[in-house]
Amino acid sequence: MAGGAFVSAGTGKEYPGKITLYVFLTCIVAACGGLIFGYDIGISGGVTAMTPFLQKFFPKVYRQESGADSTNQYCKFDSIPLTLFTSSLYLAALVASFFASAVTKIFGRKVSMFVGGIVFLGGAAINGAAQNVAMLIIGRIMLGIGVGFSNQSVPLYLSEMAPYKFRGALNICFQLMITIGILCANLVNYGTDKIKSGQGWRVSLGLAGVPALIITIGALFLPDTPNSIIGHNKPEEARKHLQRIRGPVNIDEEFNDLVAASDESKMVENPWRNLLQRRYRPHLCMAILIPFFQQLTGINVVMFYAPVLFKTIGFGNNASLMSAVITGLVNVFATFAAIFIVDKKGRRFLFLEGGCQMFIFQVLVGVLIWIKFGTDGIAVIPKGYAILVVFCICMFVAGFAWSWGPLGWLVPSEIFPLEIRSAAQSINVSVNMLFTFIIAQVFLSMLCHMKFGLFFFFGGFVFIMTIFVYFFVPETKGIPIEEMSQVWKQHWYWGKFIPEDGHVEMAKPAKTVA
C-alpha cells in the first residue's frame, strides 16, 4: 500500500449496540477526570501573571515584569524558579503514571481515577494555603500525581466502555473536559485578579479542589469496564454489565472476544518486556511519537502561558487575561466540532487538516510578532494589530483542539491490545508529561533567547508531524477495539511487523525483539 493511501481495516465484525443513556452518563462522569488537568493548565499561566503572586513568591520576576530590571518584552518572565512552579507538576505526573499502570491493571480504571482525585484535592489545598515557594512546589507535585493517575485511567475507561462506532466521540469527551477546565481556570483568573486584597491567586489555586471533588465522588459511583471485570475472573458479572451498557442487543460475539483477549493478556507475565516484541513495534512507536508530537505543536506555549504571552507582546494585565479567556472559548467549541466529526470523517482527516491549519497560523503569529517587535522586544502594539495576533492564535488553538488535542489521547487508547494496554498507556502518559515538563521548564527561557523564532521552531515540528501522520498513522475509526490488529496488518509499513497468526507470543518474549 503506497504513500498515504489507506483503507479501513474491514474486520468483518460489527458488534451491535448504540449509545445508551447509561453509557453516555457513565462516560461523561469519567471524562470529568480531564477537568483537573485542564484547570491546572489554565490556572498556572494566569496566576503567574498576577502582580501580588509575583511580589510574594517571585520578586525578581516582578521587578523584571515591571521594567525595573529589564525592558526587553521577551525576557520579562525568564525565571527558572517560576517555570519550576509550573513544570514540577508534569514531572510528578510522569513518575506517577508508572505506578498508575499497576493500579489500573490490578484494581481497575475507576480506582485509579479515585486515587488521582484524592491526591489532586490535597495538592489544591496546599497550594491555596501556600506561604512559600516550597509549599507551592509540594502542592504542584501532589497535583501532578493526581493528573498522572487520571490521564492513565480515563482514556482507557472511555475506549473500553464506548460502542466502537461511537468510541471517538465519547473518548474525546476527555479532551472536551480538559478544554472546559482550561476555560473555567481562565474565567476564574480574570475574576480573582480583581480582588483588591491581593489574595485572588489563593482563590484561583484553591478552587482546583472543585474539579478534584467531582472526579473523586464520581469515581465512587462509576461501574468498572467489562474488560476489568473479566480480568478479575467474574465473567458472568461482566456479561451482565456488557449487556446493560450495550442495550437490548446480542452481545455474544463482543463478549467472547473480550474473554479471549483477557485470556491472552493473563498469559503475559511482564507486559513491559512484551512491549519490546516485534509485533508490538507499531504500538510502541505510536505510544512514544504521538504524545511527543502533541507537545511539540507548541500548544502549551499558548495554554500554559497565555496571559504571560499576551502580556509579553504588549497587552495590559486585564487584556491579557481576557485574551486567554477568548482562546479558552475557542478551545472548547473546536473540541465540540471534533466530537461530531471524528467518527464520520475519521482520525486521519482531522490529524491532517488540523496540522496544516496549525502550521499556517503558527508561522503567521511568528511573522506578526517579528514585524512589530523585531529582536529587541520593545514596542507598543496597536489595538488592531493585537486583535490580528489574537485571531491567528485562536485559529492555531482551533486547529489543535479538533485534531492533535483529542486525538493525542484517543488514538493511543484505542490501538493497544489488552495484554499491553495498561503498560502502553503509561508510556503514552509518561512521554506526554515528560515533554510537557521540558517545554514548561524551558519555554520562558526560549522565548527570551529565540524571541519570535520560537513560533517558527514549533511550526517546523508541526510540519514534520503532519508528514508523519500522512505516511505512518492508519485510520482507526469504526474498528472494534479488540480487532485493531487488522489495522496494522493492512498498513504498507507496519504490516511487516505483524505476524499472520492472531496469537500473542508468550513463550520467549526476550528473544523476539527485532
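What comes next concerns the included structure.

Reading guide: rules and limits
- Residues numbered from 1 in each chain as written.
- Predicted model: local features only at pLDDT ≥ 70, side-chain atom pairs only at ≥ 80, totals over all residues.
- Heavy atoms only, no water.
- Helix = DSSP H or I, 4+ residues; strand = E, 2+ residues; numbered from the N terminus.
- Buried < 20%, exposed > 50% of the residue type's maximum accessible area, 1.4 Å probe, protein only.
- 1 Å grid on protein atoms, 1.4 Å probe; cavity = no way out; pocket = protein on both sides within 12 Å on 5 of 7 lines; lining within 4 Å.
- Points joined across faces, edges and corners; volume = space filled by probe spheres on them.
- Nonpolar A, V, L, I, M, F, W, Y, C, P; charged D, E, K, R; others polar.
- Axes fitted to C-alpha atoms, helices over the stretch in contact; angles between N-to-C directions.
- Parallel < 35°, antiparallel > 145°, perpendicular 65-115°, else oblique.
- Left-handed = near helix turned anticlockwise from the far one by under 90°.
- Contact = heavy atoms within 4.5 Å.
- Core = buried A, V, L, I, M, F, W, Y, C linked by side-chain atoms within 4.5 Å.
- Salt bridge = Lys/Arg side-chain N within 4 Å of Asp/Glu carboxyl O.
- Patch = residues over 30% accessible without salt bridge, like charges linked within 9 Å, V, L, I, M, F, W, Y side chains within 5 Å.
- Areas by Shrake-Rupley, 256 points an atom, 1.4 Å probe, with all protein chains shown as cover.
- Expected span 1.5 Å × (residues − 1).
- Polar contact = N/O pair within 3.5 Å; in protein donor to acceptor, adjacent residues only side chain to side chain.

A tally of regular secondary structure across the chain gives 24 helices and zero strands. The proportion of buried residues among the 514 residues of the chain is 61%.

Our focus in this paragraph is the layout of surface pockets. A volume near 290 Å³ is recorded for the second largest pocket. Contributing to the lining of the second largest pocket are 15 residues, with K105, N227, G231, S265 and K266 lying nearest its centre. Elements with a contribution of two residues or more to the lining of the second largest pocket: helix 5 (80-107), helix 11 (226-231), helix 13 (252-266) and helix 22 (418-450). A breakdown of the residues in the lining of the second largest pocket according to their chemical character gives three nonpolar, eight polar and four charged.

To characterise two packed helices, one gives the angle between the axes of the helices and the distance between these axes. It is the contact of helix 2 (residues 33-47) with helix 7 (residues 133-161), at a shortest axis distance of 8 Å, that shows an interaxial angle of 140 degrees. In terms of axis orientation, helix 2 runs oblique to helix 7. Helix 7 is crossed by helix 2, and the crossing has left-handed handedness. In this structure, helix 2 uses G33, G34, I36, F37, D40 and S44 to contact helix 7, whose residues at the interface are R140, L143, G146, V147, S150, N151 and V154.

Next up on the list: the nonpolar core. By size, the foremost hydrophobic cluster in this structure holds 128 residues, and its most contacted members are F53, F58 and W404. Sequence-distant contacts of F58, that is, excluding residues within four places in its chain, are made with F53, P81, L82, F85, V133 and L136.

Before going further, it helps to spend a moment on empty space enclosed by the protein. Under the defined criterion, the tally for this structure stands at five cavities of 30 Å³ or more. Looking at the second largest cavity, its volume works out to about 140 Å³. The wall of the second largest cavity is formed by 18 residues, among which Y15, A162, R246, E254 and I481 lie closest to the centre. Elements with a minimum of two residues in the lining of the second largest cavity: helix 7 and helix 13. Looking at the lining of the second largest cavity, the element that brings in the most residues is helix 13, giving three residues. Partitioned by chemical class, the residues of the lining of the second largest cavity number eight nonpolar, three polar and seven charged.

This model, assessed by the stated rule, comprises eight salt bridges. Ionic pairing is found between R239 and D252, a salt bridge with its closest N-O pair at 3.0 Å. One end of the pair, R239, is in helix 12 (residues 235-246); the other, D252, is in helix 13, and 13 residues separate them in sequence. Assessed through its relative accessible area of 35%, D252 is described here as partly exposed. Across the salt bridge formed by R347 and D343, the nearest N and O atoms sit 3.0 Å from each other. Connected through shared salt-bridge partners, R167, D343, R347 and E414 make up one network.

Attention now goes to a nonpolar patch on the surface. Taken together, the side chains of F359, I360, L364, F463, I464 and I467 present a nonpolar region at the surface, about 520 Å² in accessible area. Those elements that place two or more of their residues in the nonpolar patch are helix 19 (347-373) and helix 23 (453-472). Mapping I467 onto the fold places it in helix 23. Residue I467 is classed as partly exposed on the basis of its relative accessible area, which comes to 39%.

Bringing the packing of helix 2 against helix 8 (residues 167-192) into the picture now. In the contact formed by helix 2 and helix 8, the axes pass within 6 Å of each other and the chain directions differ by 35 degrees. For the element pair helix 2 and helix 8, the recorded crossing hand is right-handed. Only F174, M177, I178, I180, G181, I182, A185, N186, V188 and N189 of helix 8 make contact with helix 2, whose side of the interface consists of G33, G34, L35, F37, G38, Y39, I41, G42, I43, G46 and V47. Of the residues in the contact of helix 2 with helix 8, the class split is 13 nonpolar, eight polar and no charged.

The next point concerns the environment of L84. Mapped onto the elements, L84 comes out in helix 5. When the C-alpha atoms of L84 and L136 are compared, they prove to be 10.0 Å apart, with 52 residues separating the residues in sequence. Setting aside chain neighbours within four positions, we find L84 in contact with I137 and Q441.

Within the element layout of this structure, I172 appears in helix 8. Residue class for I172 comes out buried when judged on its relative accessible area of 0%. Distance in space between the C-alpha atoms of I172 and A338 is 7.5 Å, their sequence separation being 166 residues. In contact with I172, other than residues within four places in its own chain, are T335, A338, I339, V342, P406 and L410.

Positioned with a positive phi, N233 is a non-glycine residue whose angle comes to about 60 degrees. Note on placement: N233 falls in the loop between helix 11 and helix 12.

On to helix 7, then. An ideal rise of 1.5 Å per residue puts 42 Å on 29 residues; helix 7 measures up with 42 Å between its terminal C-alpha atoms. Of all 29 residues in helix 7, 22 are buried, a share of seventy percent or more. Sitting at the head of helix 7, N132 places a side-chain oxygen 3.2 Å from the backbone nitrogen of A134.

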